[in-house]
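# Structural characterization, general
Here is how the chains run, residue by residue.
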Amino acid sequence: MTTDAPGFEPVFCTIVPPHLLDRVARSSDTAKADRARRTLERDATERHRRREAALVRTAVAPPAAPPADAKPRRTVHDAAHGTTLPGTKVRGEGDEPGADATVNRAYAGLGATFELYLNTYARYSIDGHGLPLDATVHYDRDYNNAFWNGEQMVFGDGDGEIFLDFTLPVDVIGHELTHGVTQYTANLTYAGQAGALNESLSDVFGSLIKQYTLNQTATEADWLIGAGLLAPDVQGVALRSMKAPGTAYDDDVLGKDPQPADMDHYVDTEEDNGGVHINSGIPNHAFYLLATELGGQAWERAGQIWFDTLTGGDLATDAGFADFARLTAAAARTRYGAGDETQAVLKAWEQVGVPTS
Ligand SMILES: [Zn+2]
């Protein structure tokens, strides 16, 4: 892996994408606009810090088989509404739950993510070597975001008017930690189609972590990212919908969900690193179509095919949608043969207009 190659751009993903906060910052509601602007400024500072930190990153060894007694090593810190990371340690691995529900949710979400990767894909934490999982809650005041900074998770409490506590949706935690898995494996560039694939993989495994936690089938799942995060007055159900991209919200302050569901509606834009949180709707929808076509629990066959593609070593850092689609078909064939699974993969990509050959 050549993460130190010239031009390496570290992923700094905030769960609420910049295009959405930009829109709120232009709102006529000045209080909401001010808080969105402050969140954007905070994100810019952290993004800069991430870029500096990435310069000293070293390559990682290939993942090892997990030990028989593999368990997570979690630490949750409290920033007490400041911005110093990691803050004060409030819960370590094996400690009993405390009175702060936010701390308990963060701890549980880190554990759920660890468990899905370990029990389903035999991956020992996000780096494949038992990396400790650290999180900080109560970051800043009215901070409308959550992020993975390459080393740890950080959660805001939301301003209560647009966003609520960012530890509420477990898929947000799974999304952010999956950026860590991608960073340690295919290391997809965070721009254009490779960036949209990076985002989509985080949505896919984020949603699978929620489905795994709730023990849902593909049909029972809501396929939403960030359900429960929008404040009650906001017109919307979540940040994104894998089932119906473009329908997650339509609100005076937030604007309308801009995600396309297929290549006919691909969005050419300079914003958001070339629309990484926008065009991710296309591979997201392909995964949803595959999972519902196969039925049962989506983390099993559909998730396995995506995991094999992400970690198989053939996915280039600058892969486009068609490269990824072709590799998912190859991964399905390798693991399951030419039957139902492979046919379902080909059909899903055809439905969203991405070629597989
Ligand atoms: Zn992301």
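For the structure, see preceding data.
This text gives an overview of the structure that appears in the document. (Residues numbered from 1 in each chain as written. Predicted model: local features only at pLDDT ≥ 70, side-chain atom pairs only at ≥ 80, totals over all residues. Heavy atoms only, no water.)

### Observations concerning the overall build of the protein chain
Regarding its fold elements, the protein chain presents ten helices and ten strands. Over its C-alpha atoms the protein chain spans a radius of gyration of 19 Å, differing by no more than 12% from the 21 Å that the globule rule assigns to 357 residues. Overall, the protein chain is about 55 × 50 × 45 Å in size when its C-alpha atoms are taken along their principal axes. Excluding contacts between residues fewer than 6 apart, the proportion of contacts in the protein chain whose partners are at least 24 apart in sequence is 65%. Working note: accessible area of the protein chain is about 14100 Å², and carbon and sulfur atoms make up 48% of it. (Helix = DSSP H or I, 4+ residues; strand = E, 2+ residues; numbered from the N terminus. Rg over C-alpha atoms; globule rule 2.2 N^0.38 Å. Contact = heavy atoms within 4.5 Å. Areas by Shrake-Rupley, 256 points an atom, 1.4 Å probe, with all protein chains shown as cover.)

### Some remarks on the side chain of S27
Structurally, the position occupied by S27 is in the loop between α1 (18–25) and α2 (30–54). Owing to a relative accessible area of 17%, S27 belongs among the buried residues under this scheme. Among the polar contacts listed, one links the side chain of S27 to the backbone nitrogen of D29, at a separation of 2.9 Å. For S27, the residues in contact, after removing those within four places along its chain, are A33 and V253. (Buried < 20%, exposed > 50% of the residue type's maximum accessible area, 1.4 Å probe, protein only. Polar contact = N/O pair within 3.5 Å; in protein donor to acceptor, adjacent residues only side chain to side chain.)

### Points about the packing of helix α3 (residues 101–121) against helix α8 (residues 301–311)
Their axes nearest at 11 Å, the elements α3 and α8 cross at an angle of 95°. On the basis of the axis angle, α3 is roughly perpendicular to α8. Note on element contacts: α8 touches α3 through G303, Q304 and F307, opposite Y117, T120 and Y121. Residue composition of the contact of α3 with α8, by class: three nonpolar, three polar and no charged. (Axes fitted to C-alpha atoms, helices over the stretch in contact; angles between N-to-C directions. Parallel < 35°, antiparallel > 145°, perpendicular 65-115°, else oblique. Nonpolar A, V, L, I, M, F, W, Y, C, P; charged D, E, K, R; others polar.)

### Some points on the packing of α8 against helix α9 (residues 321–336)
Interhelical geometry of α8 versus α9 gives an angle of 115° and a closest axis separation of 8 Å. Relative to α9, the crossing made by α8 is right-handed. Residue-level inspection shows R301, Q304, I305, W306, D308 and T309 of α8 in contact with α9, the latter providing F324, L327, T328, A331, A332, R335 and Y336. (Left-handed = near helix turned anticlockwise from the far one by under 90°.)

### Some details on the environment of G275
You can see G275 is positioned in helix α6 (residues 271–275). Taking the C-alpha atoms as reference, G275 lies 36 Å from T88; in sequence the two are 187 residues apart. Setting aside residues no more than four positions away along its own chain, G275 makes contact with T269 and S280.

### Notes on the packing of aromatic side chains
Tallied over the entire structure, the rule returns 20 aromatic pairs. Measuring from ring centre to ring centre gives 5.8 Å for Y117 and F205, while their planes differ by 35°; the resulting arrangement is tilted. Pair noted here: Y117 is in helix α3 and F205 is in helix α5 (residues 192–214), with a separation of 88 residues, a long-range link. The same class applies to Y117 as to F205, namely buried. Between F205 and F307 the ring centres are 6.5 Å apart and the planes differ by 85°, which places this aromatic pair in the edge-to-face class. Of the two residues, F205 sits in helix α5 while F307 sits in helix α8, which places them 102 residues apart along the sequence. Assigned by exposure class, F205 and F307 land together as buried. Taken together, W223, F287, Y288, W306, F324 and W349 form an aromatic cluster joined through their ring pairs. Looking at R74, its charged tip hangs above the ring of Y107, at a distance of 3.7 Å from the centre. In this arrangement the basic side chain of R91 is found over the ring face of Y107, its NZ or CZ atom lying 3.6 Å from the centre. (Phe/Tyr/Trp six-rings, centres within 6.5 Å; stacked < 30°, edge-to-face > 60°. Lys NZ or Arg CZ within 6 Å of the ring centre and 35° of its normal.)

### Considering the nonpolar core
Formed by 92 residues in total, the largest nonpolar core has its most connected members in F205 and W306. Ranked by residues supplied to this core, first place goes to α3 with ten residues. Non-local contacts of W306, meaning those with residues more than four positions away in its chain, are made with L201, V204, F205, F287, L290, F324, T328 and W349. Grouped together as the second largest cluster of nonpolar side chains are five residues, F12, Y139, F147 and V154 included. (Core = buried A, V, L, I, M, F, W, Y, C linked by side-chain atoms within 4.5 Å.)

### Looking at the pattern of salt bridges
Counted by the stated rule, this structure contains 14 salt bridges. Close ionic contact of K32 with D29 constitutes a salt bridge, the shortest N to O distance being 3.6 Å. A salt bridge links D34 to R37; the shortest N-O distance between them is 3.0 Å. With a gap of three residues between them, D34 and R37 both fall in helix α2, about one helical turn apart. Take D34: its relative accessible area is 42%, and that puts it in the partly exposed class. When salt bridges that share partners are traced, they join R35, D159 and E161 into one network. (Salt bridge = Lys/Arg side-chain N within 4 Å of Asp/Glu carboxyl O.)

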